[in-house]
Amino acid sequence: MDELRSRRRLAVVTTLHDLTTAAQYADRLVLLDKGRVAAGGTPAEVITEGVVARVYAARVSVTTGTEGRPVVTPLRGPGVVGLRRGSTHAEANRNRSA
């Protein structure tokens, strides 16, 4: 795919649910939540523990793979406590202390 894209100077648009695979192949990513853009940028900018927690309320570990791209590992247990999809950590902390 990379060779075809490079040789023909094409843009490739795809939908992937595996964030590690998306980060491995994409130069730019857009995370969608309920049909709206929730985050966009390079894989390193978009695939972070904080962004994944904020957008999807998921607990993950993000490390850097051998090619310098993010690798996402889901963590066991409940999602981010008190964090609803689309809310911020500050909102979750306010809700927890209320």
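Residues numbered from 1 in each chain as written. Predicted model: local features only at pLDDT ≥ 70, side-chain atom pairs only at ≥ 80, totals over all residues. Heavy atoms only, no water.

*Asks:* Explanation requested: the overall build of the protein chain in the structure shown.
*Replies:* Secondary structure assignment for the protein chain yields five helices and four strands. Going from the N terminus to the C terminus, the protein chain shows its helices and strands as α-α-β-β-α-α-β-β-α. Looking at the protein chain as a whole, 24% of its 98 residues are labelled buried. Taking all contacts inside the protein chain whose residues are at least 6 apart in sequence as the whole, residues at least 24 apart take part in 31%. Taken as a whole, the protein chain presents about 7200 Å² of accessible surface, with 52% of it coming from carbon and sulfur. (Helix = DSSP H or I, 4+ residues; strand = E, 2+ residues; numbered from the N terminus. Buried < 20%, exposed > 50% of the residue type's maximum accessible area, 1.4 Å probe, protein only. Contact = heavy atoms within 4.5 Å. Areas by Shrake-Rupley, 256 points an atom, 1.4 Å probe, with all protein chains shown as cover.)

*Asks:* Quick question: what am I supposed to make of the layout of surface pockets here?
*Replies:* The gaps of empty space that remain are located by a probe, the size of a water molecule, rolled over the atoms. In this structure, the largest pocket occupies an estimated 840 Å³ of space. Considering the residues around the largest pocket, the lining is formed by 22 residues, among which Thr-14, Thr-15, Leu-16, Ala-26 and Leu-29 are closest to the centre. Counting only elements with at least two residues in the lining of the largest pocket, the list comes to helix 1 (2-8), helix 2 (19-25) and strand 1 (29-33). Considering every element that reaches the lining of the largest pocket, the biggest residue donor is strand 1, with four residues. Grouping the constituent residues of the lining of the largest pocket by class yields 15 nonpolar, three polar and four charged. (1 Å grid on protein atoms, 1.4 Å probe; cavity = no way out; pocket = protein on both sides within 12 Å on 5 of 7 lines; lining within 4 Å. Points joined across faces, edges and corners; volume = space filled by probe spheres on them. Nonpolar A, V, L, I, M, F, W, Y, C, P; charged D, E, K, R; others polar.)

*Asks:* Sorry if this is basic, but what is going on with the confidence of the model for the protein chain here?
*Replies:* Here the protein chain averages 83 in pLDDT, while 80% of its residues score no lower than 70. Element-level pLDDT for the protein chain is lowest in helix 5 (residues 89-97), with a mean of 46, against a maximum mean of 97 in helix 3 (residues 43-46). Contacts from residues 92-98, a stretch scored under 50 in pLDDT, to residues over four places away or in other chains number five contacts. (pLDDT = per-residue confidence, 0-100.)

*Asks:* Help me understand the pairing of strand 3 (residues 60-64) in this model?
*Replies:* Note on strand geometry: in a regular strand, side chains alternate between the two faces of the sheet. Sheet topology places strand 3 next to strand 4 (residues 70-74); five bridges connect them, and they run antiparallel. Directly across from Ser-61, in strand 4, lies its bridge partner Thr-73. The antiparallel hairpin formed by strand 3 and strand 4 contains five residues in its connecting segment, where Gly-68 sits at a positive phi of about 85°. (Pairing = 2+ DSSP bridges.)

*Asks:* What am I meant to see in the nonpolar core here?
*Replies:* The tendency in soluble globular proteins is for nonpolar side chains to be buried side by side. Core analysis: the biggest nonpolar cluster contains 14 residues, and Leu-19, Leu-29, Leu-31, Val-46 and Ile-47 have the highest contact counts within it. Every element with two or more residues in this core is listed here: helix 2, strand 1 and helix 4 (49-56). Apart from residues no more than four positions distant in its own chain, Leu-31 is found in contact with Leu-19, Arg-36, Val-37, Ala-38, Ala-39, Val-46, Ile-47, Val-51 and Tyr-56. (Core = buried A, V, L, I, M, F, W, Y, C linked by side-chain atoms within 4.5 Å.)

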